[in-house]
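# Geometric and topological summary
Listed below are the residues making up each chain.
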2 protein chains.
Amino acid sequence: MRLDRIDHVGYAVDDLEEAIAYHRDLYDLTVLHRERMEADGVSEALLAVGGSYIQLLEPLTADSPVARFMEHNGGPGIHHVGYGVADVAETLAHLRTKGVRLVDDHPRRGSRGCTIAFLHPSSAMGVLVELVEDPR
Amino acid sequence: MRLDRIDHVGYAVDDLEEAIAYHRDLYDLTVLHRERMEADGVSEALLAVGGSYIQLLEPLTADSPVARFMEHNGGPGIHHVGYGVADVAETLAHLRTKGVRLVDDHPRRGSRGCTIAFLHPSSAMGVLVELVEDPR
């Protein structure tokens, strides 16, 4: 049961357009994909960095998890890290046998057609970890 | 001036051996490199994830930046993200013209023979960003 790659680093941001402009202006990074994820309460933009992504996340509502993260954090910052795995369902089953606490008991739909699941930070060194199975 | 890849995600941890055992037990990740970085006040271990790394950082002293991060954060978590660049000095010069606030005004030695510099979170969307030039 392996982590194949760092799929993305998720940034919680106040203003998506401002964050996109920042990365374009400083690093010539352009937006590969945009999506509004109602289930997660975010509007997201993906920027490619090598074979990985920076995922910019602006909360849609004041009580969305990303908004609450920023409140706790005192502002924007790194919200989570996503690791690529071959099979999210199998990885969850494996982690369950190890006693890892999960946020998502079952794989669910993520952005850009991926299958995802989050682990609970209390079982992952304080880090909010997302498992990502990318069909491409 | 580009970010070529996500070089690593840096985790602040309470206990390096425990964090190594956690990643070995759950994901079969093994330690590629260990180093004690007195200048940064950390003992580190690198785990390979695809072409990137998880960098585990245990503070050497109670007043090291990583220890202070954990105090502020309420425990372990993601401390910073490192992006690979072709030339740290050139990237710093470019960012300076853009008015970006730097932690390191000049490139310095990082672990495993890399040249590095940190940007200030106040100029990087609340994220502690490290630039990494890897000679290999």
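Fair warning: this is a prediction, and the values are worked out from it, not measured in the lab.

## A word on the pairing of strand S5 (residues 77-84) of chain A
Within a regular strand, the side chains alternate between the two sheet faces. Residue and element names in this part refer to chain A. Here S5 lies mainly inside the structure; 8 of its 8 residues are buried. In this structure, S5 lies alongside strand S8 (residues 129-133), joined through 4 bridges in parallel fashion. Across the sheet, residue Val 81 finds its bridge partner in S8, namely Val 129.

## Topic: the sheet that holds strand S4 (residues 52-59) of chain A
Residue and element names in this part refer to chain A. Across the sheet, 8 strands lie side by side as S2-S3-S4-S1-S5-S8-S7-S6; this open sheet has mixed pairing. Looking along the sheet, the strands with just one partner apiece sit at the ends: strand S2 (31-37) and strand S6 (108-109). Where S6 lies against strand S7 (residues 115-118), 2 bridges are found, and the strand directions are antiparallel. Opposite Arg 108, over in S7, you have Ile 116 as the bridge partner. Running over the sheet, helix H2 (residues 65-73) touches strand S1 (5-12), strand S3 (42-49), S4 and S5 and is turned about 130° from S5. Against the sheet, helix H3 (residues 88-97) engages S7 and S8, with an angle of about 140° to S8.

## Some thoughts on the relation of the copies chain B and chain A
Structural alignment of chain B on chain A gives an RMSD of 0.0 Å, achieved by rotating through 180° and translating 0.0 Å along the axis. The two molecules are tied by a two-fold rotation axis, judged by turn and shift. The residues that chain B uses at the interface reappear at the interface of chain A in 100% of cases, marking a shared surface.

## Observations regarding the environment of Arg34(A)
Structurally, Arg34(A) is set in strand S2. Discounting residues that sit within four places of it in the chain, Arg34(A) has contacts with Leu16(A), Glu17(A), Ile20(A), Glu44(A) and Ala45(A).

## Some details on unusual backbone geometry
All names here are of chain A. Not every positive phi belongs to a glycine, and Asp 28 is a case in point at roughly 60°. Structurally, the position occupied by Asp 28 is in the loop between helix H1 (16-27) and S2. The backbone phi angle of Arg 112 is positive, close to 45°, even though this residue is not glycine. By secondary structure assignment, the location of Arg 112 is in the loop between S6 and S7.

## Structural notes on the nonpolar core
Core analysis: the biggest nonpolar cluster contains 66 residues, and Tyr11(A) and Tyr11(B) have the highest contact counts within it. Contact partners of Tyr11(A), with chain neighbours within four places excluded, come to His23(A), Ile54(A), Gln55(A), Leu56(A), Leu57(A), Gly77(A), His79(A), Val81(B), Tyr83(B), Met125(B), Val127(B) and Val129(B).

Parameters and conventions
Residues numbered from 1 in each chain as written. Chains lettered and ligands numbered in written order. Predicted model: local features only at pLDDT ≥ 70, side-chain atom pairs only at ≥ 80, totals over all residues. Heavy atoms only, no water. Buried < 20%, exposed > 50% of the residue type's maximum accessible area, 1.4 Å probe, protein only. Helix = DSSP H or I, 4+ residues; strand = E, 2+ residues; numbered from the N terminus. Pairing = 2+ DSSP bridges. Contact = heavy atoms within 4.5 Å. Axes fitted to C-alpha atoms, helices over the stretch in contact; angles between N-to-C directions. Least-squares fit on C-alpha atoms with pLDDT ≥ 70 in both. Core = buried A, V, L, I, M, F, W, Y, C linked by side-chain atoms within 4.5 Å.

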